[in-house]
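# A structural walkthrough
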Amino acid sequence: MTARILDGKSLATTLRAEIAADVAALYQQTGIVPGLGVVLVGDNPASRSYVTAKEKACTAAGIHSTERRLPASASREDILAAVHDLNGQEPIDGILVQLPLPDSAIEREVIEAIDPAKDVDGFHPLNIGRMVLGLPAFVPCTPAGVIEILRRADVPLAGAAVVVIGRSQIVGRPLSILLSQKGVDATVTLCHTQTKNLAQLTREADVIIVAAGRPGTLTADMVRADAVVIDVGVNRVPDSSKASGYRLVGDVDFEALAQKIAAITPVPGGVGPMTIAMLLRNTVNAARRRRGEPA
Ligand code: GUN
């Protein structure tokens, strides 16, 4: 069997066009232009390229974006001041602090400084708590993108056995909560580095979502032929044939899996573009809610 390739890039293009039309209509009806403020600390090349991609996508959708770029040496106070400044800016509806920060020990404090009404990443405890309770909340963008891919591909989730590999605060853990919620109704197994018999669990899964941050985490011997695999990994591996000196690979053994299973997302061109589309959607929703328009 050759797997169906779940093309996140093309789906994201469709969604971004829908969002751009929505932004144009919002402007025509109300004069509102949604605004996103991005805080980037240090010069991690991957973070810089993600931030550039997010800002470009905003511009293309008609969303205003502004960046606060701080050096890697920025103090905790400097970073908090940038967040407080954006909290106080009326035209800014969404705030995103690109992670990881050079000093990961202050990430929680920085995230908790973001006004929850502007927390378009959905990382603030208030939004996480509301999400866990099934209340309206900003939902983290990558988990939202994964679920959108599965829904638009008509992958049945109600009652399905879904294995999530990776328990990060950004992807694995929120995804496990969203998938098990009423209305989605998957049976979720959240796996991590201490999981025993990972292959036994993945062989029983209808859907496997891999967000482990390690190439080769899922191999063809670990899956059934009717499985659907979503690869959230983005890893840079050295490649001297590329001008950049590296190529991007996911967390799964794509070539071998694509020969065996029902459907799979590629890297690049799978989940990544969907994360950006979901960020735009959250920013437009933030603008509507903050300014008293129906979301
Ligand atoms: N770093 C990796 N993914 C993300 C994300 O979705 N949001 C932020 N702010 N940082 C990230």
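Refer to the structure above for everything that follows.
My aim in this report is to walk through the structure given alongside it, one point at a time. Here the structure is a predicted model, which is why all the values come from computation and not from measurement. (Residues numbered from 1 in each chain as written. Predicted model: local features only at pLDDT ≥ 70, side-chain atom pairs only at ≥ 80, totals over all residues. Heavy atoms only, no water.)

The next point concerns helix α10 (residues 271-290). When the terminal C-alpha atoms of α10 are compared, their 28 Å separation across 20 residues agrees well with the 28 Å that a helix rising 1.5 Å per residue should span. Among the 20 residues that make up α10, 14 are buried, leaving the element largely enclosed by the rest of the structure. (Helix = DSSP H or I, 4+ residues; strand = E, 2+ residues; numbered from the N terminus. Expected span 1.5 Å × (residues − 1). Buried < 20%, exposed > 50% of the residue type's maximum accessible area, 1.4 Å probe, protein only.)

If you walk through the whole model with that rule in mind, you get zero aromatic pairs. One cation-aromatic arrangement involves R289 over F138; the distance from NZ or CZ to the ring centre is 4.8 Å. (Phe/Tyr/Trp six-rings, centres within 6.5 Å; stacked < 30°, edge-to-face > 60°. Lys NZ or Arg CZ within 6 Å of the ring centre and 35° of its normal.)

The subject of this paragraph is the pairing of strand β6 (residues 187-191). Where strand β5 (residues 161-165) lies against β6, five bridges are found, and the strand directions are parallel. Within β6, the position partnered with V162 by the bridge is V188. What joins β5 to β6 is helix α7 (residues 172-180), and the crossover it makes is right-handed. (Pairing = 2+ DSSP bridges. Right-handed = clockwise from strand over helix to strand, strands pointing away.)

If you look at the biggest cluster of nonpolar residues, it comprises 53 residues, and the most contacted ones within it are L150, V162, L179, I209 and I230. With nine residues, α10 is the single largest residue contributor to this core. Excluding its chain neighbours within four sequence positions, the residues that come into contact with I230 are L6, V146, I149, L150, I208, I209, V210, T265 and V271. (Core = buried A, V, L, I, M, F, W, Y, C linked by side-chain atoms within 4.5 Å. Contact = heavy atoms within 4.5 Å.)

For the coordinates displayed, the defined rule picks out one cavity of 30 Å³ or more. What the largest cavity holds in volume is close to 40 Å³. I95, L96, V97, L99, I111, I114, D119, D121 and F123 together form the lining of the largest cavity. The residue inventory of the lining of the largest cavity, partitioned by class, reads seven nonpolar, no polar and two charged. (1 Å grid on protein atoms, 1.4 Å probe; cavity = no way out; pocket = protein on both sides within 12 Å on 5 of 7 lines; lining within 4 Å. Points joined across faces, edges and corners; volume = space filled by probe spheres on them. Nonpolar A, V, L, I, M, F, W, Y, C, P; charged D, E, K, R; others polar.)

The next point concerns the sheet that holds strand β4 (residues 94-97). Reading across the sheet, the three strands line up as β3-β2-β4 and stay open at both edges, with parallel pairing between neighbours. Two strands close off the open sheet at either side, each with one partner strand: β3 (64-70) and β4. Each strand axis lies, on average, 15 degrees off the axis of its neighbour in the sheet, ignoring direction. Judged from the seven bridges that link them, strand β2 (residues 35-41) and β3 form a sheet pairing that is parallel. Bridge assignment links V38 to a residue of β3, and that residue is E67. Each of β2, β3 and β4 is contacted by helix α2 (residues 45-61), which is oriented at about 170 degrees to β2, the strand it contacts most. Packing of helix α3 (residues 76-88) onto the sheet brings it into contact with β2, β3 and β4, and relative to β3 it is tilted by some 165 degrees. (Axes fitted to C-alpha atoms, helices over the stretch in contact; angles between N-to-C directions.)

Cis geometry marks the peptide bond from L99 to P100; its omega dihedral reads 0 degrees. Within the fold, P100 resides in the loop between β4 and α4 (107-112). At D185, a residue that is not glycine, the phi angle is positive and equals roughly 70 degrees. Relative to the elements of secondary structure, D185 occurs in the loop between α7 and β6. D185 gets classed as partly exposed once you look at its relative accessible area, which sits at 35%. You will see that N197, though not glycine, has its phi angle at about 55 degrees, which is positive. Of note, N197 is situated in the loop between β6 and α8 (198-203).

Moving on to the environment of T66. Relative to the helices and strands, T66 resides in strand β3. In sequence terms T66 and F138 are 72 residues apart; their C-alpha atoms lie 20 Å from each other. Other than its neighbours up to four places away in sequence, T66 contacts L36, G37, V38, L86 and I92. Of note is the side chain of T66, whose polar atom sits 3.2 Å from the side chain of R68. (Polar contact = N/O pair within 3.5 Å; in protein donor to acceptor, adjacent residues only side chain to side chain.)

Read across the sheet, six strands follow the order β1-β11-β8-β7-β5-β6 without closing on themselves; strand pairing throughout is parallel. Looking along the sheet, the strands with just one partner apiece sit at the ends: β1 (4-5) and β6. Packed on one face of the sheet, helix α6 (residues 141-152) meets β7 (207-210) and β8 (228-231) and runs near 150 degrees to β8.

Attention shifts here to the pairing of β2. In terms of burial, β2 is a largely internal element, seven of the seven residues being buried. Burial along β2 is two-sided: the face carrying G35, G37, V39 and V41 and the face carrying L36, V38 and L40 are both buried. After leaving β2, the chain enters α2 and then returns to the sheet as β3, a path that is right-handed. Summarising the sheet, β2 and β4 pair through four bridges and their orientation is parallel. Residue pairing for β4: V38 is matched across the bridge by L96.

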